[in-house]
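Notes for the structure review
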There are 4 protein chains.
Amino acid sequence: MYQVRTDLALEAREKFENDNVEVKGVKVKEEKPGKNMTVTKVMIETENGAKIMGKPRGNYITLEAPDMEDFDEDYHREISRQLAEILKELMPIEKKELSVLIVGLGNREVTPDALGPRVADNMMITRHIIRKFGKYAFGLKRNHQISSIVPGVMAQTGMETLEIIKGVLKETRPDYLIAIDALAARSTKRLNRTIQITDTGISPGSGVGNHRHALNEESVGIPVIAIGIPTVVDAVTIVSDTMNNLVSAMETTRRLEDIGKSISCLEEAEKYELIRELLSPNLNAMFVTPKDIDESVKRLSYTISEGINMAFFPM
Amino acid sequence: MYQVRTDLALEAREKFENDNVEVKGVKVKEEKPGKNMTVTKVMIETENGAKIMGKPRGNYITLEAPDMEDFDEDYHREISRQLAEILKELMPIEKKELSVLIVGLGNREVTPDALGPRVADNMMITRHIIRKFGKYAFGLKRNHQISSIVPGVMAQTGMETLEIIKGVLKETRPDYLIAIDALAARSTKRLNRTIQITDTGISPGSGVGNHRHALNEESVGIPVIAIGIPTVVDAVTIVSDTMNNLVSAMETTRRLEDIGKSISCLEEAEKYELIRELLSPNLNAMFVTPKDIDESVKRLSYTISEGINMAFFPM
Amino acid sequence: MYQVRTDLALEAREKFENDNVEVKGVKVKEEKPGKNMTVTKVMIETENGAKIMGKPRGNYITLEAPDMEDFDEDYHREISRQLAEILKELMPIEKKELSVLIVGLGNREVTPDALGPRVADNMMITRHIIRKFGKYAFGLKRNHQISSIVPGVMAQTGMETLEIIKGVLKETRPDYLIAIDALAARSTKRLNRTIQITDTGISPGSGVGNHRHALNEESVGIPVIAIGIPTVVDAVTIVSDTMNNLVSAMETTRRLEDIGKSISCLEEAEKYELIRELLSPNLNAMFVTPKDIDESVKRLSYTISEGINMAFFPM
Amino acid sequence: MYQVRTDLALEAREKFENDNVEVKGVKVKEEKPGKNMTVTKVMIETENGAKIMGKPRGNYITLEAPDMEDFDEDYHREISRQLAEILKELMPIEKKELSVLIVGLGNREVTPDALGPRVADNMMITRHIIRKFGKYAFGLKRNHQISSIVPGVMAQTGMETLEIIKGVLKETRPDYLIAIDALAARSTKRLNRTIQITDTGISPGSGVGNHRHALNEESVGIPVIAIGIPTVVDAVTIVSDTMNNLVSAMETTRRLEDIGKSISCLEEAEKYELIRELLSPNLNAMFVTPKDIDESVKRLSYTISEGINMAFFPM
């Protein structure tokens, strides 16, 4: 079976919904915690479910906020608050004092990929102060030790992100890792409007910059919470989607009827291969992103960092 | 006649070449000034030529350097040198002392659109020194007064770029304006490999950020030299190109023969409209760009600023 | 009379307080609008007062918030709110719809001087939207047209800041100009803790970067509100202050008594000249700033932009 | 014995020269490799020499280039070339293929401390390519594997720089580490004009940002070459120097004769203590830097990165 690339479990699931298929080993739960906000939990519970979904077992929580693109401070604060609640469900933040390393993945110099580094820039960092001045430095109920790193991308460092992170973990031994990353979505309508939080870490090949290695409990030895926002669509995906729309349209348009029928006889994979061959050879190394991506990344990185700060340091 | 968007005269011209049409009022001259480098001059000489090409009358000089993406300092210095030569042809740099305003168009915060601002950052600025300390401040043969501005984009300033530039021109009265801008190309294979220099200024709707107003001698009162490098392709163009490739492929592939025939019966404009309707509604506000655009923009902005510096201050 | 450089009217005034002198033509009023916050209004009402204070006639309102350096969001929101109130006193924001140009003065590339540009980056810009979509684009009670510009510094542009601003004003004709600038204080203890708002604009020679020309109603033709935060102390001032402390100490220290007496016999101006001669020649082009200036500028620029946004667009 | 802070061995040595003292265990050699350029080697050979100089045993090579502040490309290329030669003396670059980690120390967000990060940004990174495509990827005589990291500062990461670097070293096991850092000088006249290269690594307390831990062969297990440029002077130093100048001046000025005599009776340490007490309490956390530090850091970071690139990849 062919799979157009998406980093969102929600989109992977939707595919089957469209086909009216129930996927065994995958549960879905939807909530509306606020006006104009949807939280969907996709729980992949069995290996079979994981195989079908093309994603590892675990919890994928998606916060959809269609107006996230607008400048409305109260709405953004509410998103931050929801994000904080989700993080508190996935980690024992309210049960004990944790040491947490925040990892801002991505390339600071490429606007849609700068989300992770920018979130890291806005974190409330406490580890060095608590280690120097003791637990009561802040006078909080729980003194979580927060540290953060922006490892950069391989073209800048010559090292795998995983090498850098594993090294830092060995030296500083936190309890949890939270990785923030810009994702690739299947559809432009999700861009900058969706936050995915998962306890399965980062899969190989996900993110705007295509990490080669997984960043998860198996690879680094501690639980990895990943927070992602789709900021780009693969260029190949855009073209492929249009083709599919075209075929659908043809099937219902008299004049194009015959064409449509013939194309729709092609297998999915055949169609995909056809498109891939026809694409200009560089298109695999390209992404599609909105022209005002600077504004979106600026606002969203602030909303996410606020959410994480709220989870650990409630005011 | 429908026109897929390109800011490059070379690409506009190529369209007709493919059709084996000679365009009246348009002359083309090609040179190979160095290994792996082509300079093409498209001279649009009549109103008729301008109409057919969809570009104003004037000279469009394109420097193609296929290895511009590589890191080879000598090659880049040679590109800078060629750029300097072209500028000296278009402006009386070696005949008299000029006062020139360099305008770095585009949005500094969006990587592929940051080319103009970054070139401006690297300019050798002399106006304030010559005005303060006199002509002999630098002891050069010709003491050109160079100033520069990065006007930002409308979403940041609330003002048209043209308003800002006209204001600055009124106060400082330079002889020439050089505008540097990131462009949209028709084909991904031109990205970051082509420099277009023209004496017709910037047309409305060109550039990554879609300027609403023309920036040319007519609108600002002094000659405007524009230097552009294509760093993005419109998302719509990518899809449209693939469709065309598909149709060509179909016409020659047995199995898809009938489909191909039917689609190729559609008029160009019909096909384009069809695609446009099928595209997701946001795609117009999106662009396609390479994942390593940060490296390209960094290197190219340096190559261009060096070229301009060489033109005015030969060492 | 010699004057060590300060951009703060409050500090200019204090000098005389220390000497127990009442300055004719200068009124001072102090308020405590909140916990840990002082608002002082220095009104220079006559030419004589202006001469003595070394500052033009007008209102100088200083908001002192000693904990501004701390990270306390509620405290910062309260500072923003106070700033909004002060702006509403100085401009008819609640009486009519205004067109206002925000000018972010200073050098974005030098951390303590980046305050103005960063405030401009965070402004809610509305002019282009209201002009395009009409008064009801935002559905607010008053639709103020906000635009903004970051003119850069002379070493970057080759132009006087005043030339750029005058040009932009001629083209866009706003009613008011708000200039934000990083200031030089007399004392390190004021750094990053004080906001000065004045209706007299920017004086020549003020700011971290030493603007050569005044930016005020006289020079630009519309009222200029200036918002400044001291982020540096002149290097010369630091040395001079220490000398004065030394002398005071000497006068009361037995062992150094004689020395102290002799030095204190020197006239103020003589002492200043003496110091100036002894200083290394470059010191005039240097400033003193805290090592964590990056954090302060980041936080303060946000607090100020929030204050301005609140003044024009109350939520 | 009291020591005003300097990170430059040259300045530590000069102190004794002024006193006409020969320091045992310390050798000094001076060369003039080019017009307007001096290379001084201070070799601290014994523990005694180390104690007196306040610096660990090893080689300290200082490249002084008084015109480094000017914009002269040829001069800067010559400085890069000299730096490359010095690096080739300190490391077996021409004897075998090395794996080298470049560490850009300092705070990217504070202009004078951004030198290290900016040098790292411009490095030619090869490790990932050689590891993926093999030794002959570049077709060079020696395929050195260069990687780089910008660890940030403790306020940003919550971690000691040393923790991050040790972790990365454990995972990637390079042969050498090159650390680039902005330094504090004793005198403003050295700022941005001097490059110190040493094989002793970074001492605790050096650099603009005051690293707490040493970064040297002892602490990290591989040889550490440090490259530093002084970009700031400690605020305390500036004041102290002026005081000393004052005293000298007094001793030779009739009118102030008596004062001078009395002050000069004070011990060095007494004078220093006196000054320290009189300084405003925050001054320890402040630095002095030139107003045009942005231009200097931009240019110098390029000159240094070129030098390192030349050392490893001669063209």
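Details of the structure are given in the entry above.
Since this is a predicted model, take the numbers as computed values, not measurements.

Considerations on the side chain of Asn 107 of chain A
- Here Asn 107 of chain A shows up in the loop between β4 (99–104) and α4 (115–121).
- In this structure Asn 107 of chain A comes out as buried when scored by relative accessible area, which is 6%.
- Separated by 2.8 Å, the side chains of Asn 107 of chain A and Gln 156 of chain A make a polar contact.
- Only 2.9 Å separates the side chain of Asn 107 of chain A from the side chain of Asp 294 of chain B, close enough to count as a polar contact.

Some thoughts on the relation of the copies chain A and chain D
- When chain A is fitted to chain D, the residual RMSD is 0.0 Å, and the transformation amounts to a turn of 180° plus an axial shift of 0.0 Å. The superposition of one copy onto the other is thereby described by a two-fold rotation axis. Closest approach to the rotation axis within chain A is made by the C-alpha atom of Gly 167 of chain A, at a distance of 1.8 Å.
- Here 100% of the contact residues of chain A are again contact residues in chain D; the copies associate through an equivalent surface.

Points about the packing of helix α7 (residues 161–172) of chain B against helix α7 (residues 161–172) of chain C
- The geometry of α7 of chain B relative to α7 of chain C is characterised by a closest axis approach of 7 Å and an angle of 125° between their N-to-C directions. Taken together, the axes of α7 of chain B and α7 of chain C are oblique relative to one another. Crossing handedness for the pair α7 of chain B and α7 of chain C: right-handed. The segment α7 of chain B lies against α7 of chain C, with Glu 163, Ile 164, Lys 166, Gly 167, Val 168, Lys 170, Glu 171 and Thr 172 of chain B engaging Glu 163, Ile 164, Lys 166, Gly 167, Val 168, Lys 170, Glu 171 and Thr 172 of chain C.
- Here the contact of α7 of chain B with α7 of chain C is composed, by residue class, of 4 nonpolar, 4 polar and 8 charged.

Brief notes about the packing of aromatic side chains
- Applying the stated criterion across every chain yields a total of 4 aromatic pairs over all chains.
- With centroids separated by 5.8 Å and ring planes inclined at 35°, the aromatic side chains of Tyr 302 of chain B and Tyr 302 of chain D adopt a geometry described as tilted. Linking Tyr 302 of chain B in helix α12 (residues 293–312) with Tyr 302 of chain D in helix α12 (residues 293–312), this pair reaches from one chain into another.
- For the ring pair Phe 312 of chain B and Phe 313 of chain B, a centre distance of 6.5 Å and an interplane angle of 50° mean the geometry is tilted.

Observations concerning the pattern of salt bridges
- One pass over the structure, following the stated rule, counts 64 salt bridges over all chains.
- A salt bridge links Arg 118 of chain B to Glu 109 of chain A; the nearest nitrogen and oxygen atoms lie 3.8 Å apart. One end of the pair, Arg 118 of chain B, is in helix α4 (residues 115–121); the other, Glu 109 of chain A, is in the loop between β4 and α4, on a second chain.
- A relative accessible area of 34% means that Glu 109 of chain A is categorised as partly exposed.
- Lys 170 of chain D is the salt-bridge partner of Glu 171 of chain A, the closest N and O atoms lying 2.5 Å from each other.

Topic: the interface of chain A and chain D
- Contacts between the two partners involve 24 residues from chain A and, on the opposite side, 24 residues from chain D.
- Roughly 2100 Å² is buried in total at the junction of chain A and chain D, and carbon and sulfur atoms are behind 55% of that figure.
- For the chain A face of the interface with chain D, the top three residues by lost area are Met 159, Glu 163 and Glu 171 of chain A, together amounting to 27%.
- Counting every contact that joins chain A to chain D gives 6 salt bridges.
- Between Arg 131 of chain D and Glu 163 of chain A there is a salt bridge, with the nearest N and O atoms lying 3.8 Å from each other.
- Our count for the chain A to chain D interface comes out at 12 residue pairs in polar contact (both at pLDDT 80 or more).
- It is helix α7 (residues 161–172) of chain A that provides the largest number of residues to the side of chain A that touches chain D, a total of 8 residues.
- Residue composition of the side of chain A that touches chain D, grouped by class: 8 nonpolar, 8 polar and 8 charged.

A short note on α7 of chain C
All names here are of chain C.
- Between its first and last C-alpha atoms α7 spans 17 Å; for 12 residues at 1.5 Å apiece the expected length is 16 Å, and the two agree.
- Taken across its 12 residues, α7 has 10 buried, putting it largely inside the fold.
- Immediately downstream of α7, the backbone of Arg 173 shows phi near 45°, a positive value.

Each value, and the rule that gives it
Starting from 1, residues in each chain are numbered consecutively following that chain's sequence as written. Here every chain gets a letter starting at A, and every ligand a number starting at 1, in the order they are written. For this predicted model, a pLDDT threshold of at least 70 governs which residues receive local features, and a threshold of 80 or more governs which side-chain atom pairs are given and counted, while totals over whole chains, interfaces and linings are taken from all residues. To obtain the side-chain values, all non-hydrogen atoms of the structure were included, while hydrogens and water were left out. Working definition: helices are DSSP H or I runs of at least four residues, strands are E runs of at least two. Numbering for both runs from the N terminus. The buried label applies to any residue whose accessible area, calculated with a 1.4 Å probe on protein chains only, is under 20% of its type's maximum; exposed applies above 50%, and partly exposed to all values in between. Definition of a polar contact: a pair of N or O atoms within 3.5 Å, with one able to donate and the other able to accept a hydrogen when the atoms are protein atoms, and with sequence-neighbouring residues admitted only if both atoms are side-chain atoms. The atoms used to superpose the copies are C-alpha atoms, taken from residues with pLDDT of at least 70 in both, and the fit is least squares. We call two residues in contact when some of their heavy atoms are within 4.5 Å. Note on method: axes are straight lines fitted to C-alpha atoms, helices fitted across the in-contact stretch only, with angles between N-to-C directions ranging 0 to 180 degrees. Working rule for angles: under 35 degrees goes down as roughly parallel, over 145 as roughly antiparallel, 65 to 115 as roughly perpendicular, anything else as oblique. Left-handed describes a crossing whose near helix is turned anticlockwise from the far helix through less than a right angle; right-handed describes the clockwise counterpart. Amino acid classes used here: Ala, Val, Leu, Ile, Met, Phe, Trp, Tyr, Cys and Pro are nonpolar; Asp, Glu, Lys and Arg are charged; the rest, including Gly, are polar. Each Phe, Tyr or Trp ring, with Trp reduced to its six-membered ring, pairs with another whose centre is within 6.5 Å; inter-plane angles below 30 degrees give stacked pairs, above 60 give edge-to-face pairs, and intermediate values give tilted ones. Salt bridges are counted wherever a side-chain nitrogen of Lys or Arg sits within 4 Å of a carboxyl oxygen of Asp or Glu. Two parts placed together each lose some accessible area; with a 1.4 Å probe, that loss summed over both constitutes the buried area. A helix is expected to reach a length of 1.5 Å times the quantity of its residues less one.

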